[in-house]
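Results of the structural survey
One letter stands for each residue in the lines below.
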Amino acid sequence: MFRIETDSLGEVRVPEEALWGAQTQRALTLFTIDGELMPREMIRAYAILKKACALANGEAGKLSPERRDLIVTVCDEILAGLHADMFPLPVWISGSGTQFNMNVNEVIANRCSQLAGKPLGSKEPVHPNDHVNLSQSTNDNFPSVMYMAAATGIVEKLIPSVQAMRGELSAKAEEWASIVKIGRTHMQDATPLTLGQEFSGYASLLEDNKKRIEDALGGVYELALGGTAVGTGVNSWPGFAEAAVGRIADLTGLPFVPAGNRFAAQGSHDALVHLSAALKTLANSLNRIAADIRLLSCGPRAGLGELVIPANEPGSSIMPGKVNPTQCEALTMVSMQVMANDLAVTLGGTSGSLEMNAYKPLIIRNVLHSVRLLSDGARSFTDHLLAGLAPDRERIAAHVSHSLMLVTALTPVIGYDKAAQIAHHAHKTGQSLRHAALELGLVTAEEFDRVVVPERMIRPRE
């Protein structure tokens, strides 16, 4: 069952119950690539933008109260989760995102027709281009929506996930502040530190990453809206950008402002490239944390075994009782995918030309994918691994007592060369450091016991 709709190229058959129109239908035929839909976050952001533009245009007398109210009503329906299946376009469409903007315009216009008792496709009383898209171009509203979706995802999902993970790491750092363990450099034994100190480093990494991401948001809060086709603002009106973006800020609760230079904002998307780089840096840190915990928990009997991971699930289809660090593995895979996404964003960001970047869907697809992956990955890791992570105190103490690097404490007393002689002799003979030191006669028992105290090696000696 179809109805006939028209666009500037002629007639198109559209499914009878669909709210989209001719241009969306053409795109469904022309871009059957992969089937991955445009990120759903873009729907919400577009509904906010279209609502803000209708309010601004209505206030300026450019849009009748009837049309303004109809558009606002439909945008509110979309924001409430209605009509989600009316946005069927894939990621891989025009590099400007024109078809998706028109999909939004057509859905809003046709739903307005329904509400007004007019036939679908009649473009009465609301026209998709003349009214829903009033004072806009895809070239300024699509990048604005990209920035809105990215910023919203960061603020609403990613930062809370990072804060929760940092909080759990900080709690562990405080709880384990007195557990002295052997440090490791080059994957070899080094001088002692506490497990709390080790985990405080992980917590600090996340705090630093949070600051980097928040700093990167500064550029993302600058919207291109108001530039229309090439940045000049043709077919908009003086003050439109300020009015519409002000409404967006009010509706989102985020500090969006008009871009300082719309030619820069439409010709390139360096703010998202910068944000993606910050997301990549977070992924780098998360990968490091997950990999370290996986290493420290390896065993439990034939590895380091200093940490005990939660037994969330059976680890093997053949080896009973095996527990695997699956949350670590998931987070490291997430991190690597985000690093790969960043490369795609970088390539898309550098490939724009003249007054428009034609790689917008590529850029926002990967930025939003990274935001989702990092948000969900960090939350899962926090809830299902960190919350139940525990130290094996006996194993940690055994590693400390057997370490040769405790000899470092003797260096200020007997010198580097003699201390090294003790370490080599202990390793060669399988003796303890204390036994080796006394056997070589390089230090007295009293002196060794006074100086070689692991608990005194975790901070500068007074």
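In this report, the structure presented in the accompanying data block is examined. (Residues numbered from 1 in each chain as written. Predicted model: local features only at pLDDT ≥ 70, side-chain atom pairs only at ≥ 80, totals over all residues. Heavy atoms only, no water.)

Per the secondary structure count, the protein includes 17 helices and eight strands. Rg of the C-alpha trace for the protein: 30 Å, well past the compact-globule value of 23 Å for 462 residues, more than 25% over. Over its C-alpha atoms, taken along the principal directions, the protein stretches across nearly 100 × 50 × 35 Å. By the burial criterion, 50% of the 462 residues in the protein qualify as buried. Put simply, 72% of the contacts in the protein that link residues at least 6 apart link residues at least 24 apart. Between the centroid of the 41 positive side chains of the protein and the centroid of its 49 negative side chains there is a distance of 2 Å. (Helix = DSSP H or I, 4+ residues; strand = E, 2+ residues; numbered from the N terminus. Rg over C-alpha atoms; globule rule 2.2 N^0.38 Å. Buried < 20%, exposed > 50% of the residue type's maximum accessible area, 1.4 Å probe, protein only. Contact = heavy atoms within 4.5 Å. Lys, Arg positive; Asp, Glu negative; His and termini not counted. Charge placed at Lys NZ, Arg CZ, Asp CG, Glu CD.)

Residue pairs three or four apart in sequence face the same way in an α-helix, which turns once every 3.6 residues. The set of residues buried in helix α1 (residues 22–30) consists of A22, T24, Q25 and A27. Buried residues along α1 sit against β1 (2–7), β2 (10–15) and α4 (98–115).

What follows is about the packing of aromatic side chains. One pass over the structure, following the stated rule, counts seven aromatic pairs. Seen from their ring centres, Y46 and F100 are 5.9 Å apart, and the 50 degrees between their planes marks the pair as tilted. One end of the pair, Y46, is in helix α2 (residues 41–59); the other, F100, is in helix α4, and 54 residues separate them in sequence. Residue Y46 shares its accessibility class with F100, and that shared class is buried. On the basis of an interplanar angle of 85 degrees and a centroid distance of 5.1 Å, the ring pair of W176 and F199 is categorised as edge-to-face. With W176 in the loop between α6 (138–175) and β3 (180–185) and F199 in helix α7 (residues 195–220), this residue pair connects regions lying 23 residues apart in the sequence. By the burial criterion, W176 is buried, and F199 matches it. (Phe/Tyr/Trp six-rings, centres within 6.5 Å; stacked < 30°, edge-to-face > 60°.)

To continue, consider unusual backbone geometry. Following E124, the chain continues into P125 via a peptide bond in cis, with omega recorded as 0 degrees. As for its placement among the helices and strands, P125 is situated in the loop between α4 and α5 (128–132). Phi at M187 takes a positive value of approximately 65 degrees, unusual for a residue other than glycine. Secondary-structure assignment places M187 in the loop between β3 and β4 (188–194). Looking at M187, the relative accessible area reads 62%, which means it is exposed.

As a further point, take the pattern of salt bridges. Across all of its chains, the model carries 19 salt bridges by this definition. For R111, the salt bridge identified is with E77, shortest N-O distance 2.9 Å. On the criterion of sequence distance, the pair formed by R111 in helix α4 and E77 in helix α3 (residues 65–79) is long-range, its members being 34 residues apart. As far as the burial class goes, R111 and E77 line up, both buried. The residue R184 makes a salt bridge to E306 at a minimum N-O spacing of 2.7 Å. Highlighted residues: R184 in strand β3 and E306 in the loop between α10 (270–296) and β7 (307–308), separated in sequence by 122 residues. Using a relative accessible area of 1% as the deciding quantity, one classes E306 as buried. (Salt bridge = Lys/Arg side-chain N within 4 Å of Asp/Glu carboxyl O.)

This part takes up the packing of α3 against α4. Interhelical geometry of α3 versus α4 gives an angle of 110 degrees and a closest axis separation of 9 Å. As summarised for this structure, α3 and α4 are arranged roughly perpendicular, according to the angle between their axes. Crossing hand, α3 versus α4: right-handed. Contacts between α3 and α4 involve L70, I71, T73, V74, C75, E77 and I78 from the former and I108, R111, C112 and L115 from the latter. Grouping the amino acids of the contact of α3 with α4 by side-chain chemistry returns eight nonpolar, one polar and two charged. (Axes fitted to C-alpha atoms, helices over the stretch in contact; angles between N-to-C directions. Parallel < 35°, antiparallel > 145°, perpendicular 65-115°, else oblique. Left-handed = near helix turned anticlockwise from the far one by under 90°. Nonpolar A, V, L, I, M, F, W, Y, C, P; charged D, E, K, R; others polar.)

Of note, A378 is situated in helix α12 (residues 360–384). Separated by 220 residues in the primary sequence, A378 and L158 have C-alpha atoms spaced 8.5 Å apart. Residues contacting A378, with those up to four places away along its chain left out, are S161, M165 and L331.

The next point concerns the environment of V338. The topology assignment puts V338 in helix α11 (residues 326–350). A residue is classified by how much of its surface remains accessible, and V338, at 1% relative accessible area, is buried. Along the sequence, V338 and L374 sit 36 residues apart, while their C-alpha atoms lie 7.8 Å from each other.

Mapped onto the elements of the fold, T382 is located in helix α12. Taking the relative accessible area as the measure of exposure, T382 reaches 5% and is therefore buried. Residues within four places of T382 in sequence aside, it is in contact with A164, M165, E168 and A387.

Below, the discussion takes up the state of the cysteines. Applying the stated criterion across every chain, the model contains zero disulfides. Between C53, a cysteine without a disulfide, and C75, which holds the nearest cysteine sulfur, the sulfur-to-sulfur distance is 9.2 Å. Residue C53 is classed as buried on the basis of its relative accessible area, which comes to 1%. (Disulfide = S-S within 2.5 Å.)

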